Amino acid sequence: METENLIKEIETYLPFAVPEADRASAAELVEKYGNDELVLRLLRDYYTALPDACEEAVTRVSEFSFKQDVHFIVLTTTGHSWLYAVTVDSVALIGEYGVDIPGEVPAEVMYFLGWGTQKEFHENCPSVEKLKEYPWKGMPHTHCPVCGVPVGEDHLLGCVVEVCPWCGGQLKSCNCRFEKLDVEEIETAEQVAAFADLLAEKGRIPFLPEQAPAYPGTSRGLDEGDKKS
Ligand SMILES: [Zn+2]
Ligand SMILES: [Zn+2]
C-alpha cells in the first residue's frame, strides 16, 4: 500500500530531520494522518527537503484554501509555518506562511488564489490558529460519515449508523423492523413507509459524533426485499 511506503520513508528520514526530543511527537502526527496519502506525501516532502534547513518537527497541518483540485496547506513546525500547494501528483513549497517578504509568493500563485498584491495576500492570511486543522482519521464528525446528515439531525432512512430507538442496536440490522410490522420480510415500499411512520412515532435517535464507526462500511438502504435474520 502506498501509505505504508510513505510512512516507512518518513520514518527513515525523521532521525536526521528532527531533534531527538521532538521525534515522538513528529511520529505521532505521521500516525494521525496515517491513512491520508496526500498529507503523507506532503510530510515526506517536508522532511526530505526541510525548508531553510530548519530541523523542526511538524506540529500541525492546517487547511488554508482548496481551489481547482489544489490544496493549499500550512505545515506548522516548532518554529515556522510553511505554505504548500499540494495536488494528487505534486507537492510545492510556496513560502513561509503569513510572513510579508516582498516577492516571496510567486505571482501565478497569487493570481490563482485571486489576490492582486503581496499586501492583499498577507492580509488574507488568518493566523494559523484560526485555520481549520486538516481533517484526519478519527477526527470528531460534524456529519454522519455514511449518510451525511449534520450532528443532531435524523439519519436518512437505512443509514447503518442509526441507532434503534427500541433495542438500542443498529437499526439497519436489528430485528425490530420485522417485529414492529409483524412480518418476516419487508417486500413493499408501503411496508417501508409504514415502518418509517412507526419510527417517527417512537422518536428517532439523531446522529451524534460518538455513533460514527471508525471505518464506515457501505450502506444498503432499508428497502424492499429485506429479510429477517
Ligand atoms: Zn447516517
Ligand atoms: Zn432494534
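Because the structure is a prediction, the values reported are computed rather than measured.

Draft legend 1. Looking closely at the domain arrangement of the protein chain. Split by domain assignment, the protein chain resolves into domain 1 (2-133) and domain 2 (140-229). Spacing between the C-alpha centres of domain 1 and domain 2 amounts to 41 Å.

Draft legend 2. Looking closely at the pattern of salt bridges. Applying the stated rule across the entire model yields four salt bridges. Linking K32 and E133 is a salt bridge whose minimum nitrogen-to-oxygen distance equals 2.9 Å. Taken together, the residues K32 in helix α2 (residues 20-32) and E133 in strand β5 (residues 132-133) connect sequence positions 101 residues apart. You can call K32 partly exposed: its relative accessible area is 25%. E133 sits in the partly exposed class, given a relative accessible area of 24%.

Draft legend 3. Layout of the side chain of S62. Take S62: it is sitting in strand β1 (residues 58-67). Only 2.7 Å separates the side chain of S62 from the side chain of R60, close enough to count as a polar contact. Every residue in contact with S62, bar those within four places of it in the chain, is listed here: F72, I73, V74, V128, L131, K132, E133 and Y134.

Draft legend 4. View of the pairing of strand β2 (residues 70-77). Within β2, eight of the eight residues are buried, which leaves the element mostly enclosed by the surrounding structure. With eight bridges connecting them, β1 and β2 associate as antiparallel partners. For V61, the partnering residue across the bridge sits in β2 and is L75. Counting the residues in the hairpin turn of β1 and β2 gives two residues, including Q68, whose phi is positive at 45 degrees. Across six bridges, the pairing between β2 and strand β3 (residues 81-87) is antiparallel. For I73, the partnering residue across the bridge sits in β3 and is Y84.

Draft legend 5. Representation of empty space enclosed by the protein within the structure. Overall, the coordinates contain one cavity of 30 Å³ or more when judged by the stated rule. Its volume calculated, the largest cavity comes out at about 40 Å³. Lining the largest cavity we find eleven residues, and of these L83, E96, Y97, V105 and F121 sit closest to its centre. Sorting the residues of the lining of the largest cavity by element identifies β4 (90-96) and α5 (118-123) as the ones contributing at least two each. The element contributing the most residues to the lining of the largest cavity is β4, with three residues.

Draft legend 6. Layout of the coordination of the zinc ion (ligand 2). Around the zinc ion (ligand 2), the protein contributes the donor atoms C164 (SG), C167 (SG), C174 (SG) and C176 (SG), at 2.2 to 2.4 Å from the metal centre. Geometry at the zinc ion (ligand 2) is tetrahedral, judged from its four donor atoms and the angles of 105 to 115 degrees they form at the metal. Between the donor residues of the zinc ion (ligand 2), the gaps in sequence give the motif C-x2-C-x6-C-x1-C. Residue classification places C174 among the buried positions, given a relative accessible area of 12%.

Draft legend 7. Layout of the nonpolar core. The biggest cluster of nonpolar side chains holds 28 residues, and the ones touching the most others in it are L43, Y46, Y47, V58, V61 and L75. Put simply, the parts of the chain that give this core at least two residues each are α1 (2-17), α2, α3 (37-49), β1, β2 and β3. The element that contributes the greatest number of residues to this core is α3, accounting for seven residues. Residues in contact with Y47, not counting those within four places in the same chain, are I10, Y13, L14, A17, V18, A26, E56, A57 and V58. Residues F64, F72, L113 and V128 belong to the second largest nonpolar core, which totals 17 residues.

Draft legend 8. Main features of the packing of α1 against α2. Running from N to C, α1 and α2 cross one another at 165 degrees; their axes reach a closest spacing of 11 Å. As summarised for this structure, α1 and α2 are arranged roughly antiparallel, according to the angle between their axes. Between α1 and α2 the crossing geometry is right-handed. Counted together, I7, I10, L14 and P15 of α1 and R23, A26, A27 and V30 of α2 form the full contact between these two elements. Residue composition of the contact of α1 with α2, grouped by class: seven nonpolar, no polar and one charged.

Cut-off values and rules
Residues numbered from 1 in each chain as written. Chains lettered and ligands numbered in written order. Predicted model: local features only at pLDDT ≥ 70, side-chain atom pairs only at ≥ 80, totals over all residues. Heavy atoms only, no water. Domains from an automatic or database assignment. Salt bridge = Lys/Arg side-chain N within 4 Å of Asp/Glu carboxyl O. Helix = DSSP H or I, 4+ residues; strand = E, 2+ residues; numbered from the N terminus. Buried < 20%, exposed > 50% of the residue type's maximum accessible area, 1.4 Å probe, protein only. Polar contact = N/O pair within 3.5 Å; in protein donor to acceptor, adjacent residues only side chain to side chain. Contact = heavy atoms within 4.5 Å. Pairing = 2+ DSSP bridges. 1 Å grid on protein atoms, 1.4 Å probe; cavity = no way out; pocket = protein on both sides within 12 Å on 5 of 7 lines; lining within 4 Å. Points joined across faces, edges and corners; volume = space filled by probe spheres on them. Donors = N, O, S within 2.8 Å, 3.2 Å for Na, K, Ca; no water. Tetrahedral: all angles 85-135°; square planar, octahedral: opposite > 155°, others 65-115°. Core = buried A, V, L, I, M, F, W, Y, C linked by side-chain atoms within 4.5 Å. Axes fitted to C-alpha atoms, helices over the stretch in contact; angles between N-to-C directions. Parallel < 35°, antiparallel > 145°, perpendicular 65-115°, else oblique. Left-handed = near helix turned anticlockwise from the far one by under 90°. Nonpolar A, V, L, I, M, F, W, Y, C, P; charged D, E, K, R; others polar.

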